Amino acid sequence: MTGNSQAPDPEKEKRKIKSVKKMKEIMTNYYMEAKTAEQTGKKVAWITSGGPVEPLIVMDIIPVYPENHGAMIGASKMGGALCEKSEEMGYSRDLCSYARADIACAPVNGGPIGGLPRPDMLVCCNNICGTVLKWYEVQARYFNVPLFILDTPFSHTGFSDEARKYVRKQVDEYIDFLEMVCGKKCDYDRMAEVGKLSVQGQRLWQAVLDTAAHKPAPMSAFDAFFHLALIVTLRGTSVVVDYYTELLAEMKERTASGISAVPNEKYRLLWDNLPIWYRTKWLSEKFAAHDACLVADTYTSAWCGSLKYINENDFLGTMAEGYSRIYLNIGVDEMAETVMEMIDKYDADGLVMHSNRSCKPYSLGQYDIQRIVQEKRKIPTLMIEADMVDERSFAESQIETRIDAFMEVLKAG
Amino acid sequence: MNKLSLFHEIAENPYDYAKKVKKESGKKIVGYFCSYTPEEIIDAAGALPFRIFGRGGDSLADAHLQAYSCSLVRGALHDALSGDLDFLDGVVFPHTCDSIQRLSDIWRINVKTGFHIDAVLPVKLDTKSSGEYMADVLRKFLRDIENGLGVVISEDDLKSSVMKYNRIRSCLWKIYRTRRENPALIGSGDLHAIVRASMVMDRDHLLEELTAFDGSLHGGKAAGKPAGKRVMLAGGVCSLPDIFSIIEDSGGTVVGDDFCTGSRYFEGEIGINGDIMESIAKRYRERINCPAKHSGLLTRGEYIIKIVRESGAKGVIFLFLKFCDPHSFDYPYLKAMLNREGIPSMLFEMEEQLPSEGQFKTRCEAFLEMLQA
Ligand code: SF4
Ligand code: SF4
């Protein structure tokens, strides 16, 4: 181990985000706690990434996110094999690879952390897609545990009063459901606190992302993909607030001392859709080699994008709307508007879109968003065809050629 | 036989038919997707509800939809972009799957086919609050239709449309049942044409023709081929009469289905006492659900087994479009339930509007051969 280990490159060391270590610790502890829930007598709920986790925290239930697990499976390049297994189980290869990997994982405790802890209940919010509904039905049959569905009507052109009333009603039903499964009452004072912490966490996360508006950007979308895990999994706790406070301070320090994510940032790009988990390193190096930094993305900002609808002093009353009007649950034209706002805010020179065959609500409509952006912002755009977890759908040389050609256009412009 | 050729003619050329109706009667035509569209309300507004199925081409859709969208969505968008659907006065998109959800946006941004209504129905159907929301959505839909068509719908209009639909549906049921008892009476393809035509035909005219056809069945001669082995179809949109003929040619007879272009379309009566909107909502909630909607964890499986038992089917053929998420997700559990009951099944995923016939036929023959007589 000693002889040929190279001395760390000081340039690279300088650029490393120091908080990463702490983040890894938090996530390790979180998964340890979740996996030992049986011993500690705590209940475990599986919940969708866009689902309202706050009531679970109030009820002392450990929330577990199969989608976050899916991302870990993808990042450890175990997606292809698990997806293949799900195909043997009869699931079509065209289905979402988060769902496929998770369904294949459950019976064998596969994946990088030996599977997720068995759920005591399932909470499915369809604000991100119809896939989660079907996926949670599969798991409810498999684990034979109660399933709560929070139905958040889609906002093609606006959120109707009828929908507002319906979702608000379901928030109460959700709490009734949890009270029933846990056999104890909900503490509404605590609910108010957790709601505040959730809003605080979301604001801080937005502030962290906002630091990338600085030139050069102190962090990239690839960093955001990593640090996202907390706002997804532990939203509503003080751990998130403390951690993002530190991370924000670190980012501000980096801006002050001119430390950038990419050494010679010349081009600033916006990323659309989920990360390609098994290729984040390759992609980030690829773009960095062109002096390009992905300064922001539409994905990680989805966990704070609907803050405008939430009143922290009436969290329960307003979360219905906040959870219903997230980025994926709105019309394509409104999505295009959001993309353009981000282009302006981060002063992006180009748009990179991941056409993700796993995720129809995210990907269908991208061609129109691309066209609208080209017409209204007149910046180059690139479309990459891939899949977030199933590495069998990644054509490296083709994608490399496309990125190079796109960067040539940018450089010429 | 004359009656049948009318249904076939309309099922094969629905666009020409709608244009003709529009020209002759001045009726407004409202295009719609999916069997969750509350057609009664469109009919009550004096317009013709017209279910949109793409006609096969999809090249114009390439600029808007990735290759991993189903052929139904791609085909419909192609026809809209090509101008073939210009005769429509408006379009209705009920919320169902993720693909239709995005199709609605893309359509609204790119296509000019009159007014555009999204009926954002609940996704779960089995709770009290979702039932209330369903009725709320229908009331909103009624207002949207009134605005779109510039009419006012009275309670009586609505009631008489509901009664008309009840009669149409019960007539279709009777024809289905008659055929189930004696499959040789009507060919599978003929039955499919009847159902297809029912979704686009002027509903008053339809009711007359259906009633007459039903009457002609009793004591009538066999129109179909001698009955083959009984099978049930399960799965998604099937706009292909050929599938039925292929199954017949392979030695099978379709005696039941759970298609939204089949029995799911005409199942369930609407009560006319009490609040009519509540009654309409009730039918759409209680009828067997589409896999894009939630109503219990085993409901669809139990329903398919029930149809198999009632119809005496010896096996089930699953048929759905490639890239159809809701059906693909349900398939493994449905198959497992059928296995446990000892009911054989096979799956055929259709790549395009037209399946590669040879392959389908070979698979069908092999499957049917295996089934008990
Ligand atoms: S990737 Fe897309 S389809 Fe899959 S769970 Fe997430 S939002 Fe749903
Ligand atoms: S066939 Fe499936 S994917 Fe296509 S529109 Fe119907 S439900 Fe959606």
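Next up on the list: the packing of aromatic side chains. Under the criterion given, the structure shown has 30 aromatic pairs over all chains. For the ring pair Trp 173 of chain B and Tyr 176 of chain B, a centre distance of 6.3 Å and an interplane angle of 85 degrees mean the geometry is edge-to-face. Of this pair, Trp 173 of chain B and Tyr 176 of chain B both sit in helix α7 (residues 155–181), 3 residues apart, which is roughly one turn of the helix. Classification of Tyr 176 of chain B as buried rests on a relative accessible area of 10%. The structure contains a cluster of three or more aromatic residues connected by ring pairs, namely Phe 222, Phe 225, Trp 271, Trp 277, Tyr 299 and Trp 303 of chain A. The ring of Tyr 333 of chain B has Arg 141 of chain A lying over it, and the distance from NZ or CZ to the ring centre is 3.6 Å. We note Arg 283 of chain B situated over the ring of Tyr 284 of chain B; from NZ or CZ to the ring centre the distance is 5.0 Å.

Here we come to the state of the cysteines. By the definition in use, this model includes 0 disulfides over all chains. The closest cysteine sulfur to the non-disulfide-bonded Cys 124 of chain A is located on Cys 125 of chain A, 7.2 Å from its own sulfur.

All names here are of chain A. Strand order in the open sheet formed by 4 strands is β2-β1-β3-β4, and the pairing between neighbours is parallel. Pairing within the sheet leaves two strands with one partner each, and these edge strands are β2 (62–64) and β4 (147–150). Averaged over neighbouring strand pairs, the angle between their axes works out to 25 degrees when direction is ignored. Where strand β3 (residues 121–125) lies against β4, 4 bridges are found, and the strand directions are parallel. When the bridges of β4 are listed, Val 123 appears paired with Phe 148.

On to the sheet that holds strand β4 (residues 115–119) of chain B. Residue and element names in this part refer to chain B. Spatially, the 4 strands line up as an open sheet ordered β2-β1-β3-β4, and their pairing is parallel. In this open sheet, the two edge strands, each paired with only one partner strand, are β2 (48–51) and β4. Ignoring which end each strand starts from, the neighbouring axes of this sheet average 25 degrees apart. Helix α6 (residues 128–149) rests against β1 (29–32), β3 (90–94) and β4 of the sheet, and its axis sits at about 180 degrees to β4.

We now examine the packing of helix α10 (residues 188–210) of chain A against helix α11 (residues 221–233) of chain A. All names here are of chain A. One way to put it is that α10 packs onto α11 with a least axis distance of 11 Å and a crossing angle of 170 degrees. Of the possible angle classes, the one that applies to α10 and α11 is roughly antiparallel. Of the residues in α11, those in contact with Gly 201, Gln 202, Trp 205 and Leu 209 of α10 are Ala 224, His 227, Leu 228 and Ile 231. A breakdown of the residues in the contact of α10 with α11 according to their chemical character gives 5 nonpolar, 3 polar and no charged.

This next bit is on the site of ligand 2. Looking at ligand 2, the residues that line it are Cys 70, Leu 72, Val 73, Cys 97, Ile 100, Leu 321, Phe 323 and Cys 324 of chain B. Taking a 2 Å distance to the grid points as the criterion, the majority of the atoms of ligand 2 fall inside the largest cavity.

A word on the site of ligand 1. All names here are of chain A. Every residue lining ligand 1 is accounted for by Glu 67, Cys 96, Ile 128, Cys 129, Thr 131, Val 132, Trp 135, Leu 328, Ser 358, Cys 359 and Met 388. Here the shell around ligand 1 gets 3 residues from one element, more than from any other, and that element is helix α8 (residues 131–143). Here the residues of the shell around ligand 1 are counted per class, giving 8 nonpolar, 2 polar and 1 charged.

Contact residues are listed per partner, giving 46 residues for chain B and 54 residues for chain A. Summing the contributions of chain B and of chain A, the shared interface buries around 4300 Å²; its carbon and sulfur component is 58%. Looking only at chain B, the three residues that lose the most surface to chain A are Tyr 68, Arg 102 and Phe 329 of chain B, adding up to 20% of its buried area. For the pair chain B and chain A, the number of links is 29 residue pairs in polar contact (both at pLDDT 80 or more). Contributing elements (two or more residues each) for the side of chain B that touches chain A: α5 (98–110), α6 and α14 (325–340) of chain B. Here the side of chain B that touches chain A is built from residues that sort into 19 nonpolar, 12 polar and 15 charged.

Before going further, it helps to spend a moment on empty space enclosed by the protein. Over the atoms a probe the size of a water molecule is rolled, and this reveals where empty space is left. Inspection of the entire model under this criterion finds 7 cavities of 30 Å³ or more. In terms of lining residues, the largest cavity is bounded by 25 residues, among which Leu 72, Thr 96, Cys 97, Ile 100 and Val 237 of chain B are the most central. For the lining of the largest cavity, the leading source of residues is α14 of chain B, giving 3 residues. Of the residues that constitute the lining of the largest cavity, the class distribution is 17 nonpolar, 5 polar and 3 charged. Here the second largest cavity defines a volume of roughly 200 Å³. The wall of the second largest cavity is formed by 27 residues, among which Cys 129 and Gly 130 of chain A together with His 95, Thr 96 and Asp 98 of chain B lie closest to the centre.

With that settled, consider helix α12 (residues 276–286) of chain B. Residue and element names in this part refer to chain B. Turning to α12, its buried residues are Ile 276, Met 277, Ser 279, Ile 280, Ala 281, Arg 283 and Tyr 284. The inward-facing, buried residues of α12 contact α3 (39–44), α6, α7 and α11 (263–266). Where α12 begins, the side chain of Asp 275 points an oxygen toward the backbone nitrogen of Met 277, at a separation of 2.8 Å.

Along the chain, Ser 363 of chain A falls in helix α16 (residues 360–363). Owing to a relative accessible area of 0%, Ser 363 of chain A belongs among the buried residues under this scheme. Filtering out sequence-adjacent residues up to four positions away, Ser 363 of chain A remains in contact with Asn 273, His 354, Ser 355 and Asn 356 of chain A together with Gln 66 and Tyr 68 of chain B.

Conventions we followed
Residues numbered from 1 in each chain as written. Chains lettered and ligands numbered in written order. Predicted model: local features only at pLDDT ≥ 70, side-chain atom pairs only at ≥ 80, totals over all residues. Heavy atoms only, no water. Phe/Tyr/Trp six-rings, centres within 6.5 Å; stacked < 30°, edge-to-face > 60°. Helix = DSSP H or I, 4+ residues; strand = E, 2+ residues; numbered from the N terminus. Buried < 20%, exposed > 50% of the residue type's maximum accessible area, 1.4 Å probe, protein only. Lys NZ or Arg CZ within 6 Å of the ring centre and 35° of its normal. Disulfide = S-S within 2.5 Å. Pairing = 2+ DSSP bridges. Axes fitted to C-alpha atoms, helices over the stretch in contact; angles between N-to-C directions. Contact = heavy atoms within 4.5 Å. Parallel < 35°, antiparallel > 145°, perpendicular 65-115°, else oblique. Nonpolar A, V, L, I, M, F, W, Y, C, P; charged D, E, K, R; others polar. Near = heavy atom within 4 Å. 1 Å grid on protein atoms, 1.4 Å probe; cavity = no way out; pocket = protein on both sides within 12 Å on 5 of 7 lines; lining within 4 Å. Sits in = over half its atoms within 2 Å of the grid points. Buried area = accessible area lost by both parts, 1.4 Å probe. Polar contact = N/O pair within 3.5 Å; in protein donor to acceptor, adjacent residues only side chain to side chain. Points joined across faces, edges and corners; volume = space filled by probe spheres on them.

None of the figures reported here should be taken as evidence of function without further support.
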